[in-house]
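# Architecture at a glance
Spelled out from the first residue to the last, the chains are:
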Amino acid sequence: MDPSNSQPPGVQPTLTSPGWSGDTSFLLYQIVLKDFRIRYRNMSLGIFWSVLNPLVMIVLLTFIFTQVFVSKTSNYPMVILTGLIPYNFFALAWSTATTSLIDNSSLFKRIPIRPELIPIGVVLANIMHLVVQLALLIVIGLIYGVYPTWYWLWLPLLWGLELLCIMGLGLATAALHVVVRDIRYVVESINTVLFWLVPIFYTFAMVPDRFKELYLFNPVSALVLASRLVILEHRHPPETLLWKLTLVSVVSFVAGLSVFRRLQSRFYSYL
Amino acid sequence: MPMILASVENLTVRFQPHRQTLLLRQRVRNLFSRGAGGGSFLALDRVSFNASAGEGIAILGQNGAGKSTLLSVLTGVLKPDCGSVKLGGRVGALLELGAGFHPDLTGRENLTLYAALLGLSRHAIKQRFDSILEFSELGGFIDEPLKNYSAGMRLRLAFSVAVQVDAPIIMIDEVLAVGDTAFAHKCIERVIRLRTEGRLLIYVTHITEGLDHICNRAIWLHCGRLIQDGPVNEVATAYQAFMADPDRRFRDPAS
């Protein structure tokens, strides 16, 4: 129980500044659950959409790049899928986190909870897509003769780093979006640019050498590259790549949180 | 010696009226037309008072007097520019009807989320679920989506959770008017019982009728300043006399 309630009656309690006290992890869980529930309520296909969407993309891209532009890449659908899964997660989680404070303003406008919990919770709610698309990856993999190996155990680490990176970006853009409402369109545009600049429907090997270093600075490209090494080539991701990813993710999270904290005091007058 | 549960000192909150959500275009325009807009105004101007356990304090004032701003500072969602607020425990607040409620979630799901927002743990919610449901009298409606609820039913749900938080300080922002008379009566009785148990009640309203039933003390705010702080009937009478004056816009109640 809350310590403030267990005080014996008649004893003057110590006076403190107003704030929130309670079960933070349970609250975060409830925020994740809320986001997940309202997204799929009133839908007849529900979570199936997160399978349908990549399937459409795979069929479309496979048709174009094996029939229209002829490419020599083998099991092309698997190449697309291993690129599409990290990208989709990144794009969707980041854009929903960006608008999360506005969409959920009633949760923290009257109750002094930590507002950070909202973008963080919304990013976590997107893990469900990752799980569903992982199932799709396994099924498509079986069709094309790519079976899960022990190397797949690298994936949780890679996706964990991606999660951290998105949380940082999401915290920063969510806070900025409260103050300047055009941020969501900036995020959407960046996501569109990333779709082409991340090796999704082409492989990293096709990228001209002089751009390769530049590509690795993009955390989503680095993730796609690492995921392909693990899933398609049964190799562990190179150490330097892991260090770069870790560094980018941690820096993103810390920077995002500090931007958020700086803007936090202005939320009240902007909502 | 009464037990002090809230100590408010010299509270000042300043709002920038032009600090609205601006589009980039407006922002750029503002850069070039600097100084055109008005300055800031004080939503709360050096407000001080102490409140003890068992007291029921009505916050009176016309629209824009600073009542809601005061509650926002007291709950901790708004940081004051100057002065301090100290509280002797957590706050159970019912500030806006259905703050945090989502129309697509069922009553039960909203109840759990709202209770978690107010700080209850999973265990505490499970323990209190039956008494919350019983107090709300919602019965089978608890598993209906909230969008099918009437305003009165939403109030029942919100109020039932807020009084179950077990907070020593309870703040209510004139929401009781929505429910039907029977439920409003039940709420008032519950609030009075909580007061006699030694909680502090802060009740924001602009209706003075029957107020002495709920509160023993009243604070009258006008344009962010504390005009009068005293026994409920005395302050309510003075406030009503001021509000009845058709020329009140030109008068300063402080003088």
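Above this text sits the structure in question.
Residues numbered from 1 in each chain as written. Chains lettered and ligands numbered in written order. Predicted model: local features only at pLDDT ≥ 70, side-chain atom pairs only at ≥ 80, totals over all residues. Heavy atoms only, no water.

### Looking at the overall build of chain A
Applied cut-off: Numbering goes from the N terminus for both helices and strands, where a helix is a DSSP run of H or I of at least four residues and a strand is a run of E of at least two. The cut-offs for exposure are 20% and 50% of the maximum accessible area for each residue type, with area from a 1.4 Å probe on protein chains only; residues under the lower value are buried, those over the upper are exposed, and the others partly exposed. In what follows, residue pairs with any heavy atoms lying within 4.5 Å of each other are defined as contacts. Computed by Shrake-Rupley with a 1.4 Å probe, the accessible areas treat only the displayed protein chains as cover when residues are assessed. A positive count includes Lys and Arg, and a negative count includes Asp and Glu. His and the chain ends are not counted in either. For charged residues, the charge sits on one atom: NZ in Lys, CZ in Arg, CG in Asp, CD in Glu.
Scanning chain A from N- to C-terminus turns up twelve helices and zero strands. Starting at the N terminus and ending at the C terminus, chain A contains elements arranged as α-α-α-α-α-α-α-α-α-α-α-α. If one aligns the C-alpha atoms of chain A with their principal axes, the spans along those axes are about 80 × 40 × 35 Å. Among the 271 residues that make up chain A, the fraction classed as buried is 48%. Partitioning the contacts of chain A with sequence separation of at least 6, the portion at a separation of at least 24 is 77%. Put simply, chain A shows about 13,100 Å² of open surface, and 69% of that area lies on carbon and sulfur atoms. Computed over 18 positive and 12 negative side-chain charges, the separation of the two mean positions in chain A equals 5 Å.

### Some details on empty space enclosed by the protein
Stated formally: Only protein atoms enter the 1 Å grid, on which a cavity is a set of points fitting a 1.4 Å probe that cannot get out and a pocket is an open set with protein on both sides within 12 Å along at least 5 of 7 lines, lining residues being those with an atom within 4 Å of a point. Grid points are joined across faces, edges and corners, and a volume is the space filled by probe spheres set on the points. When residue character is reported, Ala, Val, Leu, Ile, Met, Phe, Trp, Tyr, Cys and Pro are called nonpolar, Asp, Glu, Lys and Arg charged, and the others, Gly included, polar.
As enumerated under the stated definition, the model contains two cavities of 30 Å³ or more in all. The space that makes up the largest cavity amounts to roughly 40 Å³. Lining the largest cavity, in full, are A:Arg110, A:Ile111, B:Ala93, B:Leu94, B:Leu95, B:Ala99, B:Tyr114 and B:Leu118. Residues that form the lining of the largest cavity fall into these classes: seven nonpolar, no polar and one charged. Taken as a whole, the second largest cavity spans an internal volume of roughly 30 Å³. Along its surface, the second largest cavity is lined by B:Gly92, B:Leu94, B:Ala162, B:Val163, B:Ile170, B:Met171 and B:Ile172. For the lining of the second largest cavity, the secondary structure elements donating two or more residues are β5 (91–94) and β6 (169–173) of chain B. It is β6(B) that contributes the most residues to the lining of the second largest cavity, three residues altogether.

### Here we look at the packing of aromatic side chains
Going by this rule: Centres within 6.5 Å make a pair out of two Phe, Tyr or Trp rings, where for Trp the six-membered ring is used; the pair is then stacked when the planes are under 30 degrees apart, edge-to-face when over 60, and tilted otherwise. As a reminder, the over-ring test applies to NZ of lysine and CZ of arginine, requiring each to be within 6 Å of the ring centre and within 35 degrees of the ring normal.
This structure, assessed with the given rule, holds 19 aromatic pairs over all chains. Ring centres 5.6 Å apart and planes at 65 degrees place the aromatic pair A:Tyr87 and A:Phe195 in the edge-to-face group. Here A:Tyr87 is found in helix α3 (residues 76–103), whereas its partner A:Phe195 is found in helix α8 (residues 183–197), with 108 residues between them in sequence. Each member of the pair, A:Tyr87 together with A:Phe195, is buried. Judged by centre distance (5.9 Å) and plane angle (65 degrees), the rings of B:Phe135 and B:Phe183 are edge-to-face. Taken together, the residues span a long stretch of sequence, with B:Phe135 in helix α4 (residues 122–136) and B:Phe183 in helix α6 (residues 181–196) at a distance of 48 residues. As far as the burial class goes, B:Phe135 and B:Phe183 line up, both buried. Taken together, the ring pairs in this structure connect A:Phe65, A:Tyr76, A:Tyr87, A:Phe195, A:Trp196, A:Phe201 and A:Tyr202 into an aromatic cluster. In this structure, A:Lys109 packs its charged tip against the face of A:Tyr268, placed 5.7 Å from the ring centre. Here the guanidinium or amino end of A:Lys212 rests over the ring plane of A:Phe204, the centre of that ring lying 5.6 Å away.

### Quick look at the layout of surface pockets
The calculated volume of the largest pocket comes to roughly 700 Å³. Among the elements of the structure, α12 (267–270) of chain A together with β1 (4–15) of chain B are those that each provide at least two residues to the lining of the largest pocket. By residue class, the composition of the lining of the largest pocket is 13 nonpolar, seven polar and eight charged.

### Overview of helix α8 (residues 232–244) of chain B
Residues and elements named next belong to chain B. Heads up, the rule is: Here the expected span of a helix is defined as 1.5 Å times the quantity of residues minus one. What the arc measures is the spread of directions leading from the helix axis to the C-beta atoms.
Relative to the 18 Å expected for 13 residues at 1.5 Å per residue, α8 spans 18 Å between its end C-alpha atoms, a close match to the ideal helical length. Taken together, the buried positions of α8 are Val232, Val235, Ala236, Tyr239 and Phe242. The buried residues of α8 occupy one face: seen down the axis, they fall within an arc of 125 degrees. The exposed set on the far side of α8, more than 90 degrees from its buried face, consists of Glu234, Thr237 and Ala244.

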